[in-house]
Amino acid sequence: MPAFMHLLRNFIPKWCLPRPEKHLQNHIFRQLQTNHPSAALVAIKTSEQVLPKCRFMQYRRANEQVKRLGMVSEDGSKMAELSSMTCAAPNMMDFIQQRYCMVSLLDSVQFMKIEDVEAVDLRLLPPIDSPSKIIGVDCNYVDNCDEQHISIPREPSFHVKFASSITGALDNIRAHSSAKHIDYGCQLAVVMGKRCREVSPKEALNHVFGFMVVQDIVARDWNVPLGGHSMDTFLPLGPTIVHRCHVPDLNNLWIKTIINGEERQTGNTRNMIFKIDFLIHRLSQYLTLCPGDIILTGTPAGSGAFRHPSCFLKPGDLIESEIQNLGKMCNKVVNSYS
């Protein structure tokens, strides 16, 4: 426990450390925003950074079972609840299908009740929890192919995950006793906003709602196409879904995974082999993409299986996953029944 608290003090600002009577999930939101903003974010006036933007979270308030939908500011210090103050749906899946006008939503923020995140006793939930499809792409970074000593693919190959594997940005990852080689891989995830079929690359991004951070946890000693990717808790995601209007340059975002304070993965989305617009185009040629569907766009070099020596996850490990401007997750690996 002292070692774990030492990690928390080093990587989580003081205010979001757990109070004696609270769980870690409470009072955590600000630390989940990235500490390394892009030039576009730096250019935003400080006064504007503290107004909630189209960075959407799902959460529950203390002693409630009601799921709520909210927006948070760029610096993670302020929030506004949408589900009780607007006609927005109370959950992300329904909200995406509402096709809410983001310009109108941003204009109306000034009339909403703005709360300090520190003052709200909440539990952060996965920003989306019931997509119809979760599709991942294999070997989509040049450096990831290099570390496996394989040639760069000419066509993307895909795998699927199930919604039951979803967990939150601060939730535990369970190390299932039947899986011995549990690996990690931080990825940029695409959340679809519109139904599309046979869409062109040029039009593909117009069908996207937003983006978020995910860890595609996999048991490499299991049947990967079925069980290896889809065990319970093997898809931490969050902390928010950032609307595409706040992500102007998808092809220049850095990605990091830190395990127990050691940087294991560092990469940049510019090294993707198949860009996001092409992935959407390719998938839409043979299946219908629906609002809320999630596409995992691949992981850069540094996964445990390809290190020398190999280094897999074990109970007690602390995984930090971060993508520039999208946010940060902090998940602990625990025993399956702890």
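The protein has the name IP10719p in an unreviewed UniProt entry, where Drosophila melanogaster is given as its organism. Per UniProt, the protein has the following entry under Sequence similarities (unreviewed entry): "Belongs to the FAH family."

Draft legend 1. The arrangement of the overall build of the protein in detail. In terms of regular secondary structure, the protein is built from nine helices and 19 strands. For the protein, the residues scored as buried account for 54% of the 338 residues in total. Partitioning the intrachain contacts of the protein with sequence separation of at least 6 by distance along the chain shows that 73% fall at a separation of at least 24. Approximately 14500 Å² of the protein is accessible, and the part contributed by carbon and sulfur atoms is 52%.

Draft legend 2. Quick look at the packing of aromatic side chains. Under the counting rule described, the total for this entry stands at five aromatic pairs. Ring geometry for phenylalanine 56 versus phenylalanine 95: centroids 5.0 Å apart, planes at 55°, classification tilted. Of this pair, phenylalanine 56 sits in strand β1 (residues 52-61) while phenylalanine 95 sits in helix α4 (residues 92-98), and the two are 39 residues apart along the sequence. On the accessibility criterion, phenylalanine 56 (0% relative accessible area) is buried. Taking 5.7 Å as the distance between ring centres and 40° as the angle between the ring planes, the aromatic pair formed by phenylalanine 56 and phenylalanine 209 counts as tilted. Of the two residues, phenylalanine 56 sits in strand β1 while phenylalanine 209 sits in strand β12 (residues 208-215), which places them 153 residues apart along the sequence. Members of the aromatic cluster, each reached through a chain of ring pairs, are Phe56, Phe95, Tyr100 and Phe209. Sitting over the ring of tryptophan 254, lysine 256 keeps its end group 4.9 Å from the ring centre.

Draft legend 3. Region of the structure containing helix α9 (residues 276-284). For α9, every residue scored as buried is listed here: Ile276, Leu279, Ile280, His281, Leu283 and Ser284. Of the surrounding elements, those touching the buried residues of α9 are β6 (134-138), β7 (157-161), β11 (186-192), α7 (201-204), β12 and β17 (294-296).

Draft legend 4. Main features of the environment of methionine 212. Looking at the secondary structure, you find methionine 212 in strand β12. Distance from methionine 212 to arginine 55, taken between C-alpha atoms, is 9.6 Å for residues 157 residues apart in sequence.

Draft legend 5. Main features of the side chain of glutamate 74. Here glutamate 74 lies in the loop between β2 (68-73) and β3 (78-81). At 3.0 Å, the side chain of glutamate 74 forms a polar contact with the side chain of arginine 55.

Draft legend 6. Highlighting the pairing of strand β18 (residues 318-323). Within β18, six of the six residues are buried, leaving the element largely enclosed by the surrounding structure. Burial along β18 is two-sided: Leu318, Glu320 and Glu322 facing one way and Ile319, Ser321 and Ile323 facing the other are all buried. Note that strand β15 (residues 254-259) and β18 share five bridges and pair antiparallel. Bridge pairing in β18 places isoleucine 255 opposite isoleucine 323.

Cut-off values and rules
- Residues numbered from 1 in each chain as written.
- Predicted model: local features only at pLDDT ≥ 70, side-chain atom pairs only at ≥ 80, totals over all residues.
- Heavy atoms only, no water.
- UniProt positions renumbered as here; feature names shortened; annotations may be inferred.
- Helix = DSSP H or I, 4+ residues; strand = E, 2+ residues; numbered from the N terminus.
- Buried < 20%, exposed > 50% of the residue type's maximum accessible area, 1.4 Å probe, protein only.
- Contact = heavy atoms within 4.5 Å.
- Areas by Shrake-Rupley, 256 points an atom, 1.4 Å probe, with all protein chains shown as cover.
- Phe/Tyr/Trp six-rings, centres within 6.5 Å; stacked < 30°, edge-to-face > 60°.
- Lys NZ or Arg CZ within 6 Å of the ring centre and 35° of its normal.
- Polar contact = N/O pair within 3.5 Å; in protein donor to acceptor, adjacent residues only side chain to side chain.
- Pairing = 2+ DSSP bridges.

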